[in-house]
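Given next are the chains, with one letter for each unit.
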Amino acid sequence: MEEIILYSVLSIIIICNEFVHASVCDIKYELKENEEVKIADCKNKGLTFIPQNLPGDIKVLDMSFNLLRMIGNNSFVNYKYLQELFLRQNQLDYLSNNSFQGLHKLTILDMSENILNLSNVYSAELFHPIKNLTKLDIRRNMPQPIDFDADYNYPDHAFGILTELSFLGIDMMPLPHFGSGFGHMITLKELHFDSCYLVRLSNEIFQRFSSSVEQLTIRNCRLHFVVTDNNALLQFPNLHVIDFSGTFMHLKHALQLLQPYRNKSITTINFGHVSDVSIDRVDIPYVLTITVDIMKNLKTICVENLDLSENGIVDYEPGSLFSLDHPKCLRHISFKGNRFLLFSEKKLNEIQYFLRKTVRLKSFDYSYNAVNYGIKYSGTSNLDFNCSFHSCVILPKSLEKLDVSYTIAYTFPAIYLLVPKNNSLTYLDVSYSNINAPMIDFQIRLETFISTGGDYSFAWNQLKRSPYHTLKTIVWKNADLDTAIRLYGNQFFNSIRSIESMDISENDIWFFPDDLLNPMPNLTYLYLSKNSFQSIPIQLRDHTKVQMLDVRKNRLTSVSSAIRDWADKMQELHGMTLHLTDNAFECNCDNIDFIRWIQTTKVDLDSRSYKCKLSNGTVIDTFIAYNSLYELFADCKNTMWLTFASTLLSTFMTISLLLFAYNRRWKIIFSIYGVIRRVVERKVRRIYQYDVYISYEGDIVIWIKNVLIPKLEIEWGLTMCIKDRDFLVGPSQADNEAESIQNSRSIIFLITPEFLSSHDCMFELDRAKHERITKNLERIIIITKDITITDIPVEFSYIWNYAFIVQWPENLEDLDDTWRKLRMLLTDGLITNT
């Protein structure tokens, strides 16, 4: 019997343990190749171990972004069906030989962005259980080497066992040596190098690899100029993707590497930023003019995607850059970040022929090309334009994306760009561009239009001239739209009715006319950051499709209740994201509801803690304010009650007037109104029963009766608490004093010679300090009468920072000023402590 009981207890413990561990990760299901796959998502959980209590039939385990330092023996034996394992961005520096024991079905292993040393941790025993891997990614593991002159031998005995690999991602050392084991990877298609420290791309580097490789990536080798041998790629005759972007070998030398691919087809050649200003020699100058000889290899290749961006190109010879043998192959081309003039009268025929033959070209990037300065743009109308009278270039009908942003270029005479009828152009970026090649468009069906910087008039005239009923996205930043909105009001956005996403940040806009956004019923994403809004435009309440609103870096002091209610409604309808960072929020009585809303709303905010300023100028954040509402805003309760009272009475008056309109007995109604008003007033007064509590000792009571009471109560209308007059019989003196001080807005200490020896007054001082700290007491006033300030009891030194001192004058001429100061303290509280 005891064994059965023990077994039951152990069973419960095991079940609970499984539940605890399993709850760390999220178990999901995804459809892959028509098969439902169970996934354990353990990303970013702070784990230092491999969980052992996940479902045994998971096929994908993602342990990325955790704190793993090692993987011990048999860590995965419970997951024999695992096909994909992701260990990216941990702190792995050790793998045991049996780390992957039992993972015979594993096909994908990603251990990138760790600190694994190629020489020390990779062994044949390690990879033997997973020899059927098809993808292995161990890039960004190796640290920057100290010695750049020593050969580095890769552990080919370990990698040689992975004969099924089709993808290998690894780091590139300065002088790499790949042994014969790498030749066993006869199915390898993709070879990617990262954390690149290469200093020489020699003919011998890839000799051991299989010729099956189709994609070769060697990116961002920037520490040293990479010397190249012309036949370095000879081992890979079947390459379809060559990506050397950011590897400093100079464009001239990079193009020479294309010798093995003459008259072949290549999908992608990315030689972006292979030249750098740090490489500037007589034989390979950074300032480069493309010649016929430099282009001799590339000219013959049928290439689909060509990137020659950021290479210091300042010009090209006739018959070179745009004299490709197979222009019809091109789909995407980028000359971004160079400094050459694309169109000129001298080379007009060549560029016209090139663009006429690029019948499959989809994107053309000529951004960030600064050639000339001081250009005056002159637009032209579509009407009656004839190429026979002007120099013009007709863009391909297939072109979908054109980027000429940040480009300054001038030709004489001007060359016009024609967008033909039945074109495919959907994306146009002319941000900060200044070119005298006016674009003449016929029935453009733009979906994305970007015109950042400069004056709004160019973009606005373009939009007015050809209303884009297909336009979905517009980015119109830093374009003086504030002036445009003031000039044209509600008519400004009339021509862009189909907009779904609009970014008009950085325009110094401070208000929206009432119907400005009405032409855009499908508005979904609105970016208003870095403007001058003091409140979120109330007109947004009429837009029910908005899912994203960005109002960062404006001058908002709050978010109105109407906008908060609208945002909550949008969240319920379809989800809502609201960005509010870097505004001038205030943490005061008027913003209590806003401070609460930040913490309680389901809207996706960019933060739950925004900087805000208290009434005294101190800057805190809204999260602290939320957690300290009572302490910070206890003195707001009177205001809140007054608001409640005002709302209640206003509502009742409205009802009364309606009943009066229907000939009801209005006298009864107003009698009820009077009763409610008195109840509300009593409720408000219950917060502060007295305006002033007087603390005194001795025969000063005569002065209080004959001087102070007539002034404060009769003339100023304040209510005073005087212990000799107002204390109830029954409760103790101390209880009466404590309760009365708590229910008073202010306290006056009348300090006279008799006050100095009063223990009762010291008790009142302690209560005043307590109520002031808890924010129940608004102000403490000290009146010295027949005594000097230096004789004030030392106990008062603890309240100097927030007490107001009034020395009663002996000279009657100064009496009016003293009464005036006292009245300001008791009624307005607007003067500072002096």
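Owing to the predicted nature of the structure, the values given are computational and were not obtained by experimental measurement.

**Thoughts on the overall build of the protein**
(1) Moving on: When you go through the protein residue by residue, the secondary structure sums to 19 helices and 44 strands.
(2) Moving on: Per-residue burial for the protein yields a buried fraction of 49% across its 834 residues.
(3) Moving on: Element-wise, carbon and sulfur atoms account for 51% of the exposed surface of the protein, whose accessible area totals about 40,700 Å².

**Some remarks on the sheet that holds strand 40 (residues 690–695)**
(1) Moving on: Strand order in the open sheet made by the 5 strands is 41-40-42-43-44, with parallel pairing throughout. Each edge of the open sheet is held by one strand with a lone partner, namely strand 41 (720–721) and strand 44 (803–807).
(2) Moving on: Bridge count for strand 40 against strand 41 is 2 bridges, and the pairing is parallel. Paired with V692 across the bridge in strand 41 is M720.
(3) Moving on: Here helix 19 (residues 815–827) sits on the sheet in contact with strand 40, strand 42 (744–751), strand 43 (779–784) and strand 44, set at roughly 160 degrees to strand 43.

**Some details on the pairing of strand 43**
(1) Moving on: Taking burial as the measure, the 6 residues of strand 43 include 6 buried ones, the bulk of the element.
(2) Moving on: Burial of the side chains of strand 43 extends over both faces: R779, I781 and I783 are buried on one face and I780, I782 and T784 on the other.
(3) Moving on: When strand 42 meets strand 43, the two strands line up parallel, connected through 6 bridges. The residue bridging I751 from the neighbouring strand is T784, located in strand 43.

**Here we look at helix 8 (residues 481–488)**
(1) Moving on: Residues of helix 8 that are buried: L481, D482, A484 and I485. Down the axis of helix 8, the sector holding all buried residues measures 165 degrees, keeping them to one side.
(2) Moving on: Downstream of helix 8 by one or two residues, G489 has phi in the positive range, about 55 degrees.

**A look at a nonpolar patch on the surface**
(1) Moving on: Together, Y368, Y406 and Y432 make up a nonpolar patch on the protein surface, roughly 290 Å² of accessible area in all.
(2) Moving on: Following the sequence through the fold, Y368 ends up in the loop between strand 22 (363–365) and strand 23 (391–394).
(3) Moving on: Taking the relative accessible area as the measure of exposure, Y368 reaches 42% and is therefore partly exposed.

**Topic: the packing of aromatic side chains**
(1) Moving on: Overall, the coordinates contain 37 aromatic pairs when judged by the stated rule.
(2) Moving on: A centroid spacing of 5.7 Å and a plane angle of 45 degrees characterise the contact between F127 and F159, whose relative ring orientation is tilted. Taken together, the positions of F127 in helix 3 (residues 124–127) and F159 in helix 4 (residues 156–159) put the pair 32 residues apart, joining distant regions of the chain. Of the two residues, F127 and F159, neither departs from the other in class, the shared state being buried.
(3) Moving on: For the ring pair F178 and F182, a centre distance of 5.2 Å and an interplane angle of 85 degrees mean the geometry is edge-to-face. Residue F178 shares its accessibility class with F182, and that shared class is buried.
(4) Moving on: The ring of Y316 is capped by K347, whose NZ or CZ atom sits 4.0 Å from the centre of that ring.
(5) Moving on: Here the guanidinium or amino end of K401 rests over the ring plane of Y427, the centre of that ring lying 4.7 Å away.

**Observations concerning helix 19**
(1) Moving on: With 13 residues, helix 19 should reach 18 Å at 1.5 Å per residue; the first-to-last C-alpha distance of 18 Å fits that figure.
(2) Moving on: Looking at helix 19, one finds that the buried residues are T818, W819, L822, L825 and L826. End-on view of helix 19: buried residues confined to an arc of 125 degrees, all on one side of the axis.
(3) Moving on: Summarising the contacts, the buried residues of helix 19 are in contact with strand 40, helix 15 (701–715), strand 42, strand 43 and strand 44.

**Examining the state of the cysteines**
(1) Moving on: Scanning the model with the defined rule gives 4 disulfides in all.
(2) Moving on: Paired through a disulfide, C196 and C221 show a sulfur-sulfur distance of 1.7 Å. Between C196 and C221 the disulfide shows an S-S torsion of about 80 degrees. By sign, it is right-handed. Within this pair, whereas C196 is found in the loop between strand 12 (190–194) and strand 13 (200–201), its partner C221 is found in the loop between strand 14 (215–218) and strand 15 (227–228), the two being separated by 25 residues in sequence.

**As for the nonpolar core**
For soluble globular proteins, the rule of thumb is that nonpolar side chains tend to be buried together.
(1) Moving on: Counting 178 residues, the largest nonpolar core has Y122, F206 and W476 as its most contacted members.
(2) Moving on: The element contributing the most residues to this core is helix 10 (residues 592–600), with 5 residues.
(3) Moving on: Excluding anything up to four places from it in sequence, Y122 contacts L95, M111, L116, N117, F127, I138, P155, H157, A158 and F159.
(4) Moving on: One finds Y696, L712, L718 and L826 within the second-largest nonpolar core, a separate group that totals 24 residues.

**Re unusual backbone geometry**
(1) Moving on: Non-glycine residue N74 carries a positive phi angle of around 60 degrees.
(2) Moving on: Within the secondary structure, N74 sits in the loop between strand 4 (70–71) and strand 5 (84–86).
(3) Moving on: Classification of N74 by relative accessible area gives partly exposed; the value is 37%.
(4) Moving on: Phi at N422 is positive, roughly 60 degrees, even though this residue is not glycine.
(5) Moving on: Mapped onto the fold, N422 is located in the loop between strand 26 (415–419) and strand 27 (427–429).

**Some details on the sheet that holds strand 36 (residues 585–586)**
(1) Moving on: As summarised here, the arrangement of the 3 strands in space is 36-38-39, forming an open sheet in which the pairing is mixed. Whereas interior strands pair on both sides, the edge strands pair on one side only; in this sheet they are strand 36 and strand 39 (619–621).
(2) Moving on: Examined bridge by bridge, strand 38 (residues 611–613) and strand 39 share 3 bridges and lie antiparallel to one another. Bridging across to strand 39, K613 finds its partner in V619.

**Looking at empty space enclosed by the protein**
(1) Moving on: Within this structure, the stated rule accounts for 2 cavities of 30 Å³ or more.
(2) Moving on: Looking at the second largest cavity, its volume works out to about 40 Å³.
(3) Moving on: L395, P396, K397, L399, V419, P420, N423, S424 and L425 are the residues that line the second largest cavity.
(4) Moving on: Within the lining of the second largest cavity, the residues separate by chemical class into 6 nonpolar, 2 polar and 1 charged.

**Points about the environment of P51**
(1) Moving on: By secondary structure assignment, the location of P51 is in the loop between strand 2 (35–41) and strand 3 (60–62).
(2) Moving on: With relative accessibility at 1%, the residue P51 sits in the buried group.
(3) Moving on: Taking the C-alpha atoms as reference, P51 lies 9.0 Å from F76; in sequence the two are 25 residues apart.
(4) Moving on: Discounting residues that sit within four places of it in the chain, P51 has contacts with C25, M63 and Y79.

**Examining the packing of helix 9 (residues 561–574) against helix 10**
(1) Moving on: Two elements in contact, helix 9 and helix 10, have axes separated by 11 Å at closest approach and are oriented at 20 degrees. When the interaxial angle is binned, helix 9 and helix 10 end up roughly parallel. Taken as a pair, helix 9 and helix 10 cross one another with a handedness that is left-handed. Here helix 9 contributes R564, A567 and D568 to the contact with helix 10, which in turn contributes D593, F594 and W597.

Reading the values: rules and limits
Residues numbered from 1 in each chain as written. Predicted model: local features only at pLDDT ≥ 70, side-chain atom pairs only at ≥ 80, totals over all residues. Heavy atoms only, no water. Helix = DSSP H or I, 4+ residues; strand = E, 2+ residues; numbered from the N terminus. Buried < 20%, exposed > 50% of the residue type's maximum accessible area, 1.4 Å probe, protein only. Areas by Shrake-Rupley, 256 points an atom, 1.4 Å probe, with all protein chains shown as cover. Pairing = 2+ DSSP bridges. Contact = heavy atoms within 4.5 Å. Axes fitted to C-alpha atoms, helices over the stretch in contact; angles between N-to-C directions. Arc of directions from axis to C-beta. Patch = residues over 30% accessible without salt bridge, like charges linked within 9 Å, V, L, I, M, F, W, Y side chains within 5 Å. Salt bridge = Lys/Arg side-chain N within 4 Å of Asp/Glu carboxyl O. Phe/Tyr/Trp six-rings, centres within 6.5 Å; stacked < 30°, edge-to-face > 60°. Lys NZ or Arg CZ within 6 Å of the ring centre and 35° of its normal. Expected span 1.5 Å × (residues − 1). Disulfide = S-S within 2.5 Å. Core = buried A, V, L, I, M, F, W, Y, C linked by side-chain atoms within 4.5 Å. 1 Å grid on protein atoms, 1.4 Å probe; cavity = no way out; pocket = protein on both sides within 12 Å on 5 of 7 lines; lining within 4 Å. Points joined across faces, edges and corners; volume = space filled by probe spheres on them. Nonpolar A, V, L, I, M, F, W, Y, C, P; charged D, E, K, R; others polar. Parallel < 35°, antiparallel > 145°, perpendicular 65-115°, else oblique. Left-handed = near helix turned anticlockwise from the far one by under 90°.

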